[in-house]
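Structural overview for review
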Amino acid sequence: MSEKTDKTEQQRLSVFKTYKLYVGGKFPRSESGRVYEVTDSKGKWLANAPLSSRKDARDAVVAARKAFGGWSGATAYNRGQILYRVAEMLEGRKDQFVREVADAEGLSKSKAAAVVDAAIDRWVWYAGWTDKIAQVVGGGNPVAGPFFNLSTPEPTGVVTVLAPQESSFLGLVSVIAPVIATGNTVIVIASEKSPLPALSLGEVLATSDLPGGVVNVLSGKTAEIAAPLAAHQDVNAIDLAGADDLLAKELEIAAADNLKRVVRPQAVDYSRTPGIERLTAFLETKTVWHPTGALGASGSSY
């Protein structure tokens, strides 16, 4: 009996996963039907990932735009609750992400666990900012006249994010969370070499309270996917975190056509506590003037 069991185990073939895109809350295959092999730091085959096409990129923009109204219109407190729920689910699937980060970045299990813990903590950190950022960057302005003058931040719209190439999970969270925390929707281009943590994040988001289309995850050749998104007239901003200098320059030129907001690539230590720069990078300031009423000798009528 034991010999038969051993023989069966030896003959068993591993089941390698073929990941799918995450667009509009669903998991479509790439429109092109293409996939590519994802390997670990030692060249061992891990899984297949979709090789996204220009059509996939355009579909992701449609999904993000459709979701923008509901997500930007939600209360900041509600957005914070939803993001915290995502962190809870990441905590529940921590072992999976530890394994994927270890494979992607060539880290030991203990070091990968520290990276995943930091990523989950980072997600919680941004969740806590959803109902506080307006108090920091908005407020009442002193004016000479009988007016209320109030400045409030509003989300920019649909944002494309090129995820960092090397920091496959902590860097990924650090560029996605601030975009959606402030009410924007996002199209994420996963790390070309190490896309699995991003694709797995899509699986977590699909079973959380996050509305479909708020985050859309594409994988494949970064330059091939980013080009149509940088030129897309319905994309309002782009974060070039995962682009090299040559690609960043090309994308910045394409983005200028409809005056997209652009965050240029820069050296970032994602292990350090971030400031609020990525929160404010995708916010617009709306200033409203409103009369206070008639002012007489006795002061305001209010």
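This text goes with the structure placed above it.
Here we summarise the structure given alongside this text. This is a predicted model, so every value here is computed, not measured.

1. Let's talk about the overall build of the protein
A count of helices and strands for the protein gives 11 helices and 12 strands. Its C-alpha atoms give the protein principal-axis dimensions of roughly 100 × 40 × 35 Å. Within the protein, buried positions represent 46% of all 302 residues. Taking as baseline every contact in the protein between residues at least 6 positions apart, the subset at least 24 positions apart corresponds to 76%. Carbon and sulfur atoms make up 53% of the accessible area of the protein, which amounts to about 15,000 Å² in all. For the protein, the centre of its 33 positive side-chain charges and the centre of its 33 negative side-chain charges are spaced 3 Å apart.

2. Digging into the sheet that holds strand 5 (residues 158-162)
Two orientations exist for strands paired in a sheet by backbone hydrogen bonds: parallel and antiparallel. Across the sheet, 5 strands lie side by side as 7-6-5-8-9; this open sheet has parallel pairing. What marks the edges here is a single partner per strand, and that holds for strand 7 (215-218) and strand 9 (261-263). Put simply, the sheet's adjacent strands are angled 15° from each other on average, direction ignored. With 3 bridges connecting them, strand 5 and strand 8 (residues 237-239) associate as parallel partners. Bridging across to strand 8, valine 159 finds its partner in alanine 237. Of the strands in this sheet, strand 5, strand 6 (185-189) and strand 7 touch helix 2 (residues 54-73), which is tilted by about 155° from strand 6. Against the sheet, helix 7 (residues 170-181) engages strand 5, strand 6, strand 7 and strand 8, with an angle of about 160° to strand 6.

3. Let's talk about the nonpolar core
Core analysis: the biggest nonpolar cluster contains 63 residues, and Leu90, Trp123, Phe169, Ile176, Ile180 and Val215 have the highest contact counts within it. Considering every element that reaches this core, the biggest residue donor is helix 7, with 9 residues. Every residue in contact with valine 215, bar those within four places of it in the chain, is listed here: Tyr22, Ile176, Ile180, Val186, Val188, Leu205 and Leu210. In terms of nonpolar packing, the next biggest core, distinct from the first, is built from 24 residues, Ile189, Ala230, Ile238 and Leu247 among them.

4. Points about unusual backbone geometry
With phi around 60°, leucine 259 is a residue other than glycine that occupies positive phi space. Summarising the element assignment, leucine 259 is placed in the loop between helix 10 (245-255) and strand 9.

5. A closer look at the sheet that holds strand 4 (residues 147-155)
Spatial strand order, 3-4-10: 3 strands in an open sheet with antiparallel pairing. Across the chains shown, the open sheet's two edge strands, defined by having one partner strand only, are strand 3 (139-140) and strand 10 (283-291). Two elements, strand 3 and strand 4, share 2 bridges in a ladder whose sense is antiparallel. Considered in strand 4, the bridge of glycine 139 is made with serine 151.

6. Let's talk about the packing of aromatic side chains
As enumerated under the stated definition, the model contains 4 aromatic pairs in all. Taking 5.2 Å as the distance between ring centres and 35° as the angle between the ring planes, the aromatic pair formed by tyrosine 22 and phenylalanine 27 counts as tilted. Classification of tyrosine 22 by relative accessible area gives buried; the value is 2%. The class for phenylalanine 27 is partly exposed, based on a relative accessible area of 32%.

7. Quick look at helix 8 (residues 196-206)
The element helix 8 is extensively covered by neighbouring structure, given that 10 of its 11 residues are classed as buried. What helix 8 keeps buried is the set Leu196, Pro197, Ala198, Leu199, Ser200, Leu201, Gly202, Glu203, Val204 and Leu205.

8. Notes on the packing of helix 3 (residues 76-92) against helix 8
In a pair of packed helices, the angle between the axes and the distance between the axes together describe the arrangement. Packing of helix 3 against helix 8 brings their axes to within 10 Å, and their N-to-C directions diverge by 120°. By the angle class used here, helix 3 and helix 8 are oblique. Considering how the two elements wind past one another, helix 3 and helix 8 form a crossing that is right-handed. Of the residues in helix 8, those in contact with Val86, Met89 and Leu90 of helix 3 are Leu201, Val204 and Leu205.

9. Quick word on the pairing of strand 6
Taken across its 5 residues, strand 6 has 5 buried, putting it largely inside the fold. Going residue by residue along strand 6, you find Thr185, Ile187 and Ile189 tucked away on one face and Val186 and Val188 tucked away on the opposite face as well. Each parallel crossover has a hand, and the one from strand 5 via helix 7 to strand 6 is right-handed. Two strands pair when backbone bridges link them, and strand 6 and strand 7 are joined in this way by 4 bridges, in the parallel orientation. Bridged to isoleucine 187 within strand 7 is asparagine 216. Of the crossover connections in this fold, the one passing from strand 6 over helix 8 to the parallel strand 7 is right-handed.

Reading guide: rules and limits
- Residues numbered from 1 in each chain as written.
- Predicted model: local features only at pLDDT ≥ 70, side-chain atom pairs only at ≥ 80, totals over all residues.
- Heavy atoms only, no water.
- Helix = DSSP H or I, 4+ residues; strand = E, 2+ residues; numbered from the N terminus.
- Buried < 20%, exposed > 50% of the residue type's maximum accessible area, 1.4 Å probe, protein only.
- Contact = heavy atoms within 4.5 Å.
- Areas by Shrake-Rupley, 256 points an atom, 1.4 Å probe, with all protein chains shown as cover.
- Lys, Arg positive; Asp, Glu negative; His and termini not counted.
- Charge placed at Lys NZ, Arg CZ, Asp CG, Glu CD.
- Pairing = 2+ DSSP bridges.
- Axes fitted to C-alpha atoms, helices over the stretch in contact; angles between N-to-C directions.
- Core = buried A, V, L, I, M, F, W, Y, C linked by side-chain atoms within 4.5 Å.
- Phe/Tyr/Trp six-rings, centres within 6.5 Å; stacked < 30°, edge-to-face > 60°.
- Parallel < 35°, antiparallel > 145°, perpendicular 65-115°, else oblique.
- Left-handed = near helix turned anticlockwise from the far one by under 90°.
- Right-handed = clockwise from strand over helix to strand, strands pointing away.

Keep in mind these values describe shape, not function.
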